[in-house]
Amino acid sequence: MTTTRTFRPDRPADRAAFGSAADWGLLLIRLTLGLLMAAHGAQKLFGTFGGQGLTATGKGFETLGYRPGKVFATIAGLSELLGGLGLAVGLLTPLACAALIGVMINAMALVTAPKGLWASDGGLEYNLCIAAVALGIAATGPGRLSLDRFFPWGRGGWRSAALALGLGGIGAAITLSL
């Protein structure tokens, strides 16, 4: 005789096997932000998803003062691509978040902040949201539905958040000073 057991969210063993609502919510946030940022990086690097590709993006970076533009476009594109993919799957989450935070700090400093807050005016609203979500994920951790669940940094916390913000800020400061 075979018995079929139904999932009951009030049963701790079932919750542990299926993941909590918080784990699924973090997965949704990580996948959405991570895959969109990875695609944004692919636009810069490869010209996919309607992007301009590396040569045109490099010329755009040169108009912003980044010299050589193609090198800085490559750094930005790789940061978005690899940071986004790492965030999506929850791998090396603090470093993935640092990559995205660093790119967003640069975007805010040189492009959007002078135009104010609102994205409708070309302001920093969008970049600030991306950086805040990345920092929030570093602080909370990527959740149990991630590859980082087996590692100490997979639980988030103040150290992970400080690492993500610190490395992202240092990377942005170095880039902005060159």
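The sections below set out a description of the structure shown in this document. (Residues numbered from 1 in each chain as written. Predicted model: local features only at pLDDT ≥ 70, side-chain atom pairs only at ≥ 80, totals over all residues. Heavy atoms only, no water.)

## Looking at unusual backbone geometry
Stage number 1. In this structure, Pro68 follows Arg67 across a cis peptide bond, with omega equal to -5°.
Stage number 2. Looking at the secondary structure, you find Pro68 in the loop between helix H3 (53-63) and helix H4 (69-89).
Stage number 3. Not every positive phi belongs to a glycine, and Phe49 is a case in point at roughly 55°.
Stage number 4. Positionally, Phe49 belongs in the loop between helix H2 (21-46) and H3. (Helix = DSSP H or I, 4+ residues; strand = E, 2+ residues; numbered from the N terminus.)

## Here's the deal with the pattern of salt bridges
Stage number 1. If you walk through the whole model with that rule in mind, you get 1 salt bridge.
Stage number 2. Of the charged contacts, one joins Glu80 and Lys44 as a salt bridge, the two residues approaching to 3.0 Å between their closest N and O atoms. With Glu80 in helix H4 and Lys44 in helix H2, the pair connects residues that are 36 residues apart, well separated along the chain. We note that Glu80, like Lys44, is buried. (Salt bridge = Lys/Arg side-chain N within 4 Å of Asp/Glu carboxyl O. Buried < 20%, exposed > 50% of the residue type's maximum accessible area, 1.4 Å probe, protein only.)

## A few points about the packing of aromatic side chains
Stage number 1. Applying the stated criterion across every chain, the model contains 3 aromatic pairs.
Stage number 2. With a centroid separation of 5.3 Å and 40° between ring planes, the pair formed by Phe61 and Tyr66 is classed as tilted.
Stage number 3. The class of Phe61 is buried, set by a relative accessible area of 14%.
Stage number 4. Every member of this aromatic cluster is reached through a ring pair, and the members are Phe61, Tyr66 and Phe72. (Phe/Tyr/Trp six-rings, centres within 6.5 Å; stacked < 30°, edge-to-face > 60°.)

Geometric descriptors of this kind do not, in isolation, establish any biological role.
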